[in-house]
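What follows is each chain in one-letter form.
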Amino acid sequence: MGLLSTPSRAILGLLTLSAWPLNTLCLGVSHTPHQLLASRAGSEALPDYRNSSLCVNDRVEDLIQRMTLEEKVGQMFHAMLSMGPNGTLDPGNETAFRNSTDFMIGDQLLTHFNLVADITSAKEVAEFYNRVQQRAQETRLGIPITLSSDPRHAFTENVGTGFNAGRFSQWPETLGFAALRDPELVRKFAEIAREEYLAVGLRAALHPQVDLSTEPRWARISGTFGENAELTAELLAAYIKGFQGETLGPYSVTTVTKHFPGGGPMENGEDSHFVYGKNETYPGHNLEYHLIPFRAAIAAGARQIMPYYSRPINTEFDPVGFAFNKQIVTDLLRNELGFEGIVVTDWGLITDSVILGQYLPARAWGLETLTELERAARVIDAGCDQFGGETRPELIAQLVHEGIITEDRIDVSVRKLLREKFVLGLFDNPFVDPEAAERIVGNDYFMRLGNETQRRAYTLLKNTDNVLPLRNLASETKFYVEGFNATYLTTRNFTVVTKPADADYALLRLASPYEPRPGGFESSFHAGSLEFSAEEIKRQAAIYSAVPTVVDMMLDRPAAVPEVAEGSTAMLASFGSSPDAFLDVILGLAEPEGKLPYDLPRSMEAVEASMEDVPFDTKDPVFRYGDGLRYASRCSEGGNGTLDGC
């Protein structure tokens, strides 16, 4: 359905990154747009929840008293939302097990959605958002939707964890920010990301991911800040402040800090999206280390927290998934750590699903034999407020009707969820300006800062005889390349050859090793061995022996590649970068400034002998946390003698 009226011009285009209004909960001037009021029942008196001159808490109480049970339980679900053709509402797809937008808003009364789409046109997404918001206005109470997103400012393309930047400015993954160790840069990034989110209607960030990479095999390390808890704590605070501001308000993006109590210590490094990775283990009795980032997040004003799928084993806690676990959510997170905000579960805990053609059972680890109704009751009893990735509000209504859960308990969660919408200003200004979105998203300034940061985050680990940077090359210099298109070099007037022996230099961009997994969804998770196969090691060795070789290791996980460190002439690590960024760094047009955010282990044997919950404990790593050289021409004399650089 298209817009019934033209939304008011958003003021997003007038915002600057330094401007931030204080959040006062009792506003003296109404900011309710005229056309929004006109869409409500003609001459009826303005209900208190629509009166922006009242305090937020009063508006929440007025609204909750008007709501039916069905309208309440609809707030407790955070569903995935796809766009239809050309920014229209999604008609749904029975084959793909996807409900239509109209059904989810109009029949199920859902108002929280996670955008599942690459953003290639800011204007189109903004128009789509307005259409979704308009559909919400047509419901009985007109509760606005809150649209969320997984990370979408880097290079990841995985429907389960994040999206490629598309039209947004493109930056390194969070590991790249950890390599630079600059909280001010992290905050600047988050402020820019906030501007781009706001422009298209995204008001909730399903991040930061603050798990610690103490188990090098885990498939989700690329979304973390690395292995050091204190560095993670420092950077995540800047991240949250950048998205939310000093206080949450109409120009904020609320954040969801994940995955409590830390998803890093996975048994054997497997991931708990999958049956074989359900267990989280603490052989080093080091849970407290993994809580450090969450304590910092709460102190920084985290609004929402997401428990992970995993179940703890061989601990004092019940061996059931964290979101089902009252000892984790209520006793630890709420009572001990003092978190008072929203707890939203990870996706798909109650019902089985099909993602990218692959069947996935509900991630009800430790409670697989319970019914869907019983699982839902356990989640609520544990202390969670919202079900991620589910569209089963009828289950919660049934729990109330059968007297298993009280409506008062439902109200506790619904108050928090509604209050967030009011504080974000969604009841007063639910629409965005598509023309402004087109100007703001991916503008030249935002793109320049993202591109600069990609280059700065490069981490130089080896530089034999200061071969890098390759400045002042002769025009006849010939390159052999792997891992990127040769046109990136030929457009710079260099020659590319097809055999290493014919080249002056080889340039290899190597993805970190992993063991491919089956399935449309599962295959996007890089897991298993951190070593290259014997055949691949032999193939690379032939290149190293034939020509001086510069290697860019693209480290989504801490690769165990001592043979690359030994055989290459120069070795860099990157954490999300374009081919042009790589070439600018090796040609001296930009400089690597990064330091490793984790150890690089020597072998799988060393990884397997280490403890999943303990940092920096693999034997004799090839490179250590903090290693990183600088180019000789920019360093003081003697500054390149060690990996500490200058």
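Structure: see above.
Worth saying up front: this structure is predicted, and the values here are computed from it rather than measured.

Turning our attention to the overall build of the protein chain. Looking only at helices and strands, one finds 20 helices and 18 strands in the protein chain. A compact globule built from 646 residues should have a C-alpha radius of gyration of about 26 Å, and the protein chain, at 25 Å, falls within 12% of that. By its C-alpha atoms, the protein chain is 80 × 55 × 45 Å across when sized along the principal axes. Restricting to contacts in the protein chain with at least 6 residues of sequence separation, those with at least 24 account for 76%. When the accessible surface of the protein chain is split by element, carbon and sulfur atoms take 50% of a total near 23,900 Å². Charge-centre separation for the protein chain: the mean point of 57 positive side chains lies 4 Å from the mean point of 87 negative side chains.

In space, the 8 strands of this closed barrel follow the order 1-2-3-4-5-7-9-12, with parallel pairing throughout. On average, each strand axis in the sheet is inclined to that of its neighbour by 30 degrees, with strand direction left out of account. Where strand 1 (residues 77-81) meets strand 2 (residues 112-115), 4 bridges bridge the pair, whose relative direction is parallel. Bridge pairing in strand 2 links Met 80 to Asn 114. Those strands touched by helix 7 (residues 183-200) are strand 3 (146-149) and strand 4 (202-205), and its axis lies near 135 degrees from that of strand 4. The sheet contacts of helix 8 (residues 229-244) involve strand 4 and strand 5 (254-260), and relative to strand 5 the element is tilted by about 150 degrees.

The side chains of a regular strand alternate, residue by residue, between the two faces of the sheet. Most of strand 16 (residues 505-511) sits out of view: 6 of its 7 residues are buried. Bridge count for strand 14 (residues 478-482) against strand 16 is 4 bridges, and the pairing is parallel. Within strand 16, the position partnered with Glu 482 by the bridge is Leu 508. Strand direction decides the pairing type here: strand 16 and strand 17 (residues 549-554), joined by 6 bridges, are parallel. Directly across from Leu 508, in strand 17, lies its bridge partner Val 551. Viewed along the sheet, the connection from strand 16 through helix 17 (residues 534-546) into strand 17 turns out right-handed.

This part covers the packing of aromatic side chains. Each aromatic ring pair is described using two quantities: the centre-to-centre distance and the angle formed by the ring planes. Evaluation of the coordinates by the stated rule reveals 25 aromatic pairs. Arranged with centres 5.2 Å apart and planes meeting at 65 degrees, the rings of Phe 521 and Phe 525 form a pair that is edge-to-face. Take Phe 521 and Phe 525: they sit in the same class, and that class is buried. In this structure an aromatic cluster arises from ring pairing among Phe 168, Trp 171, Phe 177, Phe 189, Tyr 197, Phe 225, Tyr 239 and Phe 243. Here the basic side chain of Arg 181 rests over the ring of Tyr 625, its NZ or CZ set 4.5 Å away from the ring centre.

Note that Lys 72 resides in helix 3 (residues 69-74). Given a relative accessible area of 5%, Lys 72 falls into the buried group. In this structure, Lys 72 is in contact with Ile 64, Met 67, Glu 407, Ile 410, Asp 411 and Val 414, ignoring residues within four places of it in sequence.

Counting through the fold element by element, Ala 362 comes out in the loop between strand 11 (358-360) and helix 11 (372-382). Accessibility expressed as a relative area gives 5% for Ala 362, which makes it buried. Ala 362 sits 244 residues away from Asp 118 along the chain, and the two C-alpha atoms are 26 Å apart. Excluding anything up to four places from it in sequence, Ala 362 contacts Gly 348, Leu 349, Ile 350, Thr 351, Asp 352 and Arg 375.

Another aspect to go through is a nonpolar patch on the surface. Taken together, the side chains of Phe 97, Val 354 and Tyr 359 define a hydrophobic patch exposed on the protein surface, amounting to about 330 Å² of accessible area. Its location among the elements puts Val 354 in strand 10 (residues 353-355). With a relative accessible area of 30%, Val 354 lands in the partly exposed category.

Attention now moves to the sheet that holds strand 17. The strand order 13-18-17-16-14-15 describes an open sheet built from 6 strands, whose pairing is mixed. The outermost strands of the open sheet, each flanked by one partner alone, are strand 13 (459-463) and strand 15 (495-497). Between one strand axis and the next, the sheet turns by 25 degrees as a mean value, whatever way the strands run. The strands touched by helix 17 are strand 14, strand 16 and strand 17; relative to strand 16, the strand with the most contacts, the crossing angle is about 155 degrees. On top of the sheet, helix 19 (residues 579-586) reaches strand 16, strand 17 and strand 18 (570-574); it is set at about 135 degrees to strand 16, its chief contact.

The terminal C-alpha atoms of helix 8 lie 22 Å apart, and with 16 residues this matches the ideal 22 Å at 1.5 Å per residue to within 8%. Most of helix 8 sits inside the fold, with 13 of its 16 residues counted as buried. The N-capping residue of helix 8, defined by a side-chain oxygen 2.9 Å from the backbone nitrogen of Glu 230, is Asn 228. Trailing helix 8 by a residue or two, Gly 245 shows a phi angle of about 85 degrees, which is positive.

Core analysis: the biggest nonpolar cluster contains 158 residues, and Ile 396 and Met 553 have the highest contact counts within it. Ranked by residues supplied to this core, first place goes to helix 7 with 10 residues. Excluding its chain neighbours within four sequence positions, the residues that come into contact with Ile 396 are Val 73, Met 76, Phe 77, Ala 376, Ile 380, Phe 387 and Ile 410. If you look at the next biggest cluster of nonpolar residues, it comprises 24 residues, including Leu 470, Val 550, Ala 570 and Ala 590.

Attention now moves to helix 17. Taking 1.5 Å as the rise per residue, helix 17 with 13 residues should run 18 Å; its terminal C-alpha atoms sit 19 Å apart, in good agreement. Looking at the buried positions of helix 17, the neighbouring elements they touch are strand 14, strand 16, strand 17 and helix 18 (562-567).

Definitions and cut-offs
- Residues numbered from 1 in each chain as written.
- Predicted model: local features only at pLDDT ≥ 70, side-chain atom pairs only at ≥ 80, totals over all residues.
- Heavy atoms only, no water.
- Helix = DSSP H or I, 4+ residues; strand = E, 2+ residues; numbered from the N terminus.
- Rg over C-alpha atoms; globule rule 2.2 N^0.38 Å.
- Contact = heavy atoms within 4.5 Å.
- Areas by Shrake-Rupley, 256 points an atom, 1.4 Å probe, with all protein chains shown as cover.
- Lys, Arg positive; Asp, Glu negative; His and termini not counted.
- Charge placed at Lys NZ, Arg CZ, Asp CG, Glu CD.
- Pairing = 2+ DSSP bridges.
- Axes fitted to C-alpha atoms, helices over the stretch in contact; angles between N-to-C directions.
- Buried < 20%, exposed > 50% of the residue type's maximum accessible area, 1.4 Å probe, protein only.
- Right-handed = clockwise from strand over helix to strand, strands pointing away.
- Phe/Tyr/Trp six-rings, centres within 6.5 Å; stacked < 30°, edge-to-face > 60°.
- Lys NZ or Arg CZ within 6 Å of the ring centre and 35° of its normal.
- Patch = residues over 30% accessible without salt bridge, like charges linked within 9 Å, V, L, I, M, F, W, Y side chains within 5 Å.
- Salt bridge = Lys/Arg side-chain N within 4 Å of Asp/Glu carboxyl O.
- Expected span 1.5 Å × (residues − 1).
- Polar contact = N/O pair within 3.5 Å; in protein donor to acceptor, adjacent residues only side chain to side chain.
- Core = buried A, V, L, I, M, F, W, Y, C linked by side-chain atoms within 4.5 Å.

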